[in-house]
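# Breakdown of the fold
Each chain, written out:
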Amino acid sequence: MSESLPIVEMRDISIEFPGVKALDGVDFRLFQGEVHALMGENGAGKSTLIKALTGVYKIDGGSIVVAGQERQFHGTGDAQSAGVSTVYQEVNLVTNLSIGENVMLGHEIRGAFGVNWRATHAAATEALATLGLEHLDTHKPLSTLSIAMQQLVAISRAMAVKAKVLILDEPTSSLDAAEVEGLFRVMRTLRDQGVAILFVSHFLDQIYAISDRLTILRNGKYEGEYLTRELDRHDLISKMIGKDLGTLSSLGGNRRVEERDYAAEVPLLDAKGLGRRGSIEPTDLAIHRGEVVGFAGLLGSGRTELARLLYGADRADEGEITLRGKRVDIKNPADGLDKRIAFSTENRRDEGIIADLTVRENMILAVQAERGWARPIPRKEQDELVEKYIAALNVRPADPNRLIKNLSGGNQQKVLLGRWLATKPELLILDEPTRGIDVGAKAEIQEAVAELAEDGVSVVFISSELEEVVRLSERIVVLKDHQKIGEIVNGPAITAQHVVDVIAAHGVEAAAESGIIDAEAGSHPTEAPHANVPAFAAPEEES
Amino acid sequence: MSTAARSNWLRELIRKPYFWGVVAIFALLALNVLKDPNYLALSVNPVNGNLVGNVVDILRASAPILMIAVGMSLVIATGGIDLSVGSVMAVSGAVAMVFMKDAGQSGSVGVALGAIGLALLVSAVLGAINGVLVAYIGLQPFISTLIMMLAGRGIAKVITEGQNTSATNDPFRWIANGFVIGLPVVFLLAIIIVIIVGLVVRRSALGLMIEAIGINPKASRMAGIKPSGLLLTVYILSAVLAGIAGIMSVGTVMTVDVSRTGYQMELDAILAVVIGGTSLAGGKFSIGGAVVGALLIATLDKTIVFLGISSSATPAFKAIVIVVLCLLQSDRVRSWFGQRRKPPQLKSDPTPVAPKQQKQEVPA
């Protein structure tokens with residue numbers, strides 16, 4: 001890593017969207033021959049920064065210097081011709097074109113009579129060869145390749161224009177461990193050739209395995225730039241979520257923990273070995289009546305995937321669920337609802353609201369779906385139902401005939417919560433119910449959850465905000481890298497820091513085991529849990 | 001104050017999606033009146049007391065289009081399309097004609113009912129095949145119904161052995177050509193069926209669920225709606241309505257011409273739905289709009305004949321009217337007109353992408 005002039009230097013970047021500062025005075029440097037990780041929680045501004053660099057967004061303040069020149073690109077294509085190539089999270093290729101056509105799309109070599117396909121395919125092979133992929137037949141359709149190989153082809157495509165800067169926005173989210181290792185080999189090769197690589201990933205292990213340096217963003221602000229080997233996991237996570245260790249420790253779990261002998265009770269829901277290939281490893285899970293169980297873990301840890309299996313949003317391909325002592329098969333959401341399970345999705349816009357319908361229609365939809373179309377809910381009952389939940393959840397404006405798309409995010413979320421409560425669930429799964437909504441609405445939703453549990457409804461509460469999970473849950477299931485790694489029984493002494501400990505500690509063990517990083521470099525003294533704190537349940541054996 | 005309230009009311013009316021359809025109907029009628037001031041005149045046939053006139057002809061002609069347009073609006077609302085309605089009309093007509101020809105008995109009500117029942121049953125089966133292909137096999141609606149559109153005419157030819165088939169049955173003929181209280185039976189029947197479908201769809205939760213699926217299929221599934229059964233129902237309903245249209249259509253002349261009956265009627269139905277303001281992308285639908293659309297298409301067809309536009313220019317004339325109508329409905333075109341009246345303030349904003357980003361990038 002040369003400490004010469006950076007190839008990309010972004011200074012004091014600000015981007016404002018109506019009503020919100022997406023980036024606020026962010027600095028970022030990228031040197032030749034380094035892998036630089038951009039870290040931050042969801043919505044911290046990582047993608048915005050990348051789009052500012054490539055010119056997809058126009059910056060409102062600050063300067064971008066690329067290779068010594070102040071630049072302001074006008075989009076990905078413009079940036080690419082200046083040597084800044086981007087590979088996005090979803091593979092942006094055309095699956096029914098050939099591999100060679102994909103690599104060279106838009107850069108085909110032209111002769112006197114249109115495209116010279118022979119030369120184009122030769123150039124494609126050459127580009128693939130730089131990544132050690134010369135064995136691929138460039139005439140075969142791209143769809144014959146695995147997602148991982150397609151990802152590598154996407155990188156070849158980015159490199160075919162002789163990129164000096166390569167931006168990889170979450171390239172690993174759909175790859176398995178061996179495929180990630182293959183990608184890393186390619187990244188190291190490119191780095192050694194002097195390419196500057198900007199890497200975004202939610203997997204901490206991967207950050208420690210591949211990156212030389214990292215920049216942390218939080219809430220659109222610059223948090224700091226560090227050498228990866230000088231920043232341990234605790235500090236990294238703390239900086240990402242923005243609470244120093246002292247603050248984390250002071251936020252105790254203040255939820256009542258009754259002395260309940262769960263072992264003696266038949267759980268409401270008991271899952272054994274529940275899993276789905278590629279999304280969540282086989283998992284055991286028990287949920288008792290009136291219990292709030294938190295799922296904690298970073299994004300992509302498998303917390304959403306596990307919840308979706310419980311509701312039938314996705315179908316489990318192994319394991320079994322026992323509900324109220326009876327074996328059940330939950331094939332689809334309608335089954336889930338029928339068994340008094342409700343699931344509020346984290347993806348409010350795509351899987352939650354029906355934008356062009358009214359608040360009333362959105363709220364009664366699940367109840368109506370349960371009854372079937374031939375038995376419409378009488379208008380009077382609709383009014384009672386809708387008025388009840390509009391009042392109980394304080395939906396504003398309190399107008400049932402307004403289109404839901406014209407409500408704020410927080411109020412949309414409340415309408416959806418009303419939709420699920422109206423089905424009178426015994427198990428309510430809330431996936432990120434408080435994301436992206438204002439503080440007031442957040443508190444109201446948290447209150448509603450606590451009240452539900454008092455009434456005997458079991459709640460699974462999923463949130464990226466660990467404090468929130470700790471505050472509300474009686475038991476916290478910790479997930480990481482698509483598997484459950486432990487359970488914490490909540491108590492007054494438990495804080496978000498304990499959850500971070502579990503995630504970080506497991507990372508070091510797992511990484512050391514798999515040999516991706518050496519244990520010493522990433523290790524740090526893991527604090528022993530307080531003596532009066534129930535120990536974490538042992539992680540499930542890996543299959 | 002009163003002028004403001006009045007302009008609000010007017011604005012509300014103009015914003016109705018089928019407003020321009022209504023305007024177009026009156027414009028076409030006005031055009032015809034210009035050519036012949038007596039165009040709108042109605043007279044009573046002194047022999048049987050039936051109403052006679054151009055408007056009555058238009059209403060009669062609109063009946064089959066009304067049927068398929070209403071079915072089509074439901075299919076389109078789910079985000080699909082049914083290209084097979086014209087062919088289903090031919091099949092239905094062929095089944096009815098062949099049945100009556102073989103049965104003879106030109107005065108028998110029973111034979112007529114049998115023909116109608118069998119024709120609708122066969123139509124329902126064809127619709128069910130469409131529905132299964134779309135809902136359970138997962139084929140694209142365009143492809144599934146395109147297959148049925150091609151297969152349907154073939155089936156009709158097999159049923160009639162390739163011949164134009166005529167039959168005589170007075171009760172059957174009465175459906176298409178009869179009059180009740182001075183009005184054509186076929187139009188009254190069409191309106192009654194439209195009202196029944198409208199009531200069923202809007203009084204039950206069928207309409208709500210169709211719209212939910214059309215607007216956001218993923219979210220609908222997550223809310224516990226099972227789309228398969230609904231889709232099957234909608235495609236069967238569309239085919240049965242097409243079957244009724246086929247009966248009305250062959251009943252007029254008591255002959256089925258397998259290559260002409262219902263020919264390109266699917267396009268008329270789609271146009272009627274679009275004119276009625278239902279988006280081809282699915283979602284919100286308006287049965288009232290589909291009715292306006294169907295009436296407009298019937299008016300347009302009759303106007304073309306009345307004005308004596310040569311048959312070779314007919315499609316072009318039809319296309320012009322519909323393009324103008326669609327332009328008037330387009331938000332973008334209307335905003336251009338709006339902009340020309342207001343100072344052009346939108347143009348000064350050089351980054352039109354900014355508002356769109358907000359949704360994705362607002363920090364949590």
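Calculation notes
Residues numbered from 1 in each chain as written. Chains lettered and ligands numbered in written order. Predicted model: local features only at pLDDT ≥ 70, side-chain atom pairs only at ≥ 80, totals over all residues. Helix = DSSP H or I, 4+ residues; strand = E, 2+ residues; numbered from the N terminus. Buried ≥ 20, exposed ≤ 12 C-beta atoms within 10 Å, placed from the backbone. Contact = placed C-beta atoms within 7 Å. Pairing = 2+ DSSP bridges. Axes fitted to C-alpha atoms, helices over the stretch in contact; angles between N-to-C directions. Domains from an automatic or database assignment. Core = buried A, V, L, I, M, F, W, Y, C linked by C-beta atoms within 7 Å. Parallel < 35°, antiparallel > 145°, perpendicular 65-115°, else oblique. Nonpolar A, V, L, I, M, F, W, Y, C, P; charged D, E, K, R; others polar. Left-handed = near helix turned anticlockwise from the far one by under 90°. pLDDT = per-residue confidence, 0-100.

## As for the overall build of chain A
Counting its regular elements, chain A contains 19 helices and 22 strands. Counting over 543 residues, chain A shows a buried share of 50%. Long-range contacts, defined here as pairs at least 24 residues apart, represent 70% of the contacts in chain A between residues at least 6 apart.

## Observations concerning the overall build of chain B
Each helix and strand counted, chain B has 16 helices and six strands in total. Seen through its C-alpha atoms, chain B measures out along the principal axes to roughly 75 × 55 × 40 Å. Within chain B, buried positions represent 46% of all 364 residues. Residue pairs at least 24 apart in sequence account for 77% of intrachain contacts in chain B once pairs closer than 6 positions are excluded.

## Brief notes about the sheet that holds strand β21 (residues 475-480) of chain A
Residues and elements named next belong to chain A. If you trace the six strands from one edge of the open sheet to the other, you get β18-β19-β20-β15-β21-β22, paired in mixed fashion. Of all the strands in the sheet, just β18 (341-344) and β22 (483-489) have a single pairing partner and so form its edges. Each neighbouring strand pair of the sheet contributes to a mean axis angle of 15°, computed without reference to strand direction. In this sheet, strand β20 (residues 458-462) lies alongside strand β15 (residues 292-296) in parallel orientation, the contact comprising four bridges. Bridging from a neighbouring strand, V293 pairs with V460 of β20.

## What to know about the sheet that holds strand β17 (residues 326-328) of chain A
Residue and element names in this part refer to chain A. Pairing within the open sheet is antiparallel, and its four strands lie in the order β14-β13-β16-β17. A strand with exactly one partner marks an edge of an open sheet, and here the two such strands are β14 (280-287) and β17. Pairs of neighbouring strands in the sheet enclose a mean axial angle of 25°, with direction left out of account. With five bridges connecting them, strand β13 (residues 269-276) and β14 associate as antiparallel partners. Pairing of A271 across the sheet is with L285, part of β14.

## Focus: the environment of A:F184
All names here are of chain A. As for its position among the elements, F184 is in helix α6 (residues 177-192). For F184, a count of 17 C-beta atoms within 10 Å translates into the label partly exposed. The spatial distance from the C-alpha of F184 to the C-alpha of S211 is 9.9 Å, given a sequence separation of 27 residues. When near neighbours in sequence (up to four residues on either side) are disregarded, F184 contacts A209 and I210.

## A closer look at helix α10 (residues 303-311) of chain A
Helical geometry: 3.6 residues make up each α-helical turn, so side chains three or four residues apart lie on a common side. Residues and elements named next belong to chain A. Within α10, nine of the nine residues are buried, which leaves it mostly tucked inside the rest of the structure. Considered for burial, the residues of α10 that qualify are R303, T304, E305, L306, A307, R308, L309, L310 and Y311. Looking one or two residues beyond α10, the residue adopting positive phi is G312, at roughly 90°.

## Details of the pairing of strand β6 (residues 84-87) of chain A
Residues and elements named next belong to chain A. Going residue by residue along β6, you find V84 and T86 tucked away on one face and S85 and V87 tucked away on the opposite face as well. Direction of pairing for β6 relative to strand β9 (residues 165-169): parallel, over a ladder of four bridges. Its bridge partner being in β9, S85 is matched across the sheet by L166.

## Focus on the domain arrangement of chain A
A common way to express how large an interface is: the accessible area buried when the components associate. According to the domain assignment, chain A consists of domain 1 (8-247) and domain 2 (249-253 + 280-522). Distance from the C-alpha centre of domain 1 of chain A to the C-alpha centre of domain 2 of chain A: 33 Å.

## Structural notes on the nonpolar core
Among the nonpolar cores identified, the biggest contains 263 residues, and A:V499, B:I68 and B:A69 are the most heavily contacted of them. Domain assignment of the residues forming this core places at least three in each of domain 1 (8-247) and domain 2 (249-253 + 280-522) of chain A.

## A short note on unusual backbone geometry
With an omega of -5°, the peptide bond between A:R396 and A:P397 qualifies as cis. Tracing the sequence through the fold places A:P397 in the loop between α14 (379-392) and α15 (409-421). Non-glycine residue B:M254 carries a positive phi angle of around 55°. Tracing the backbone shows B:M254 in the loop between α11 (227-253) and β6 (255-256).

## Let's talk about the environment of A:E223
All names here are of chain A. Mapping E223 onto the fold places it in strand β12 (residues 221-227). Between the alpha carbons of E223 and R402 there is a distance of 41 Å; along the sequence they are 179 residues apart. Residue contacts for E223: discarding those within four places in its chain leaves I216, L217, R218 and K239.

## Points about the packing of helix α7 (residues 170-177) of chain B against α11(B)
All names here are of chain B. Viewed as axis vectors pointing N to C, α7 and α11 meet at an angle of 105°, and their least axial separation amounts to 7 Å. Of the possible angle classes, the one that applies to α7 and α11 is roughly perpendicular. Note on element contacts: α11 touches α7 through I247, M248, G251 and T252, opposite F172, R173, I175, A176 and N177. Here the residues of the contact of α7 with α11 are counted per class, giving five nonpolar, three polar and one charged.

## Notes on the packing of helix α5 (residues 109-137) of chain B against α11(B)
Residue and element names in this part refer to chain B. In the contact formed by α5 and α11, the axes pass within 7 Å of each other and the chain directions differ by 145°. Of the two possible hands of crossing, α5 and α11 adopt the one that is right-handed. Across the contact of α5 with α11, the residue classes break down as 20 nonpolar, eight polar and no charged.

## Some remarks on the confidence of the model for chain A
In this model, chain A carries an average pLDDT of 82, and 86% of its residues clear a pLDDT of 70 or more. Below pLDDT 50 for its whole length, residues 511-543 of chain A participates in 46 contacts with residues either more than four positions away or in separate chains.

## Digging into the confidence of the model for chain B
Residue and element names in this part refer to chain B. With 91% of its residues at a pLDDT of at least 70, chain B reaches an overall mean of 87. Model confidence for chain B, summarised as mean pLDDT per element, is weakest for helix α16 (residues 354-361) at 38 and strongest for α5 at 96. Counted against residues more than four places away or in other chains, residues 342-364, with its pLDDT under 50, gives 25 contacts. Across the predicted assembly, pTM comes out at 0.72 and ipTM at 0.80.

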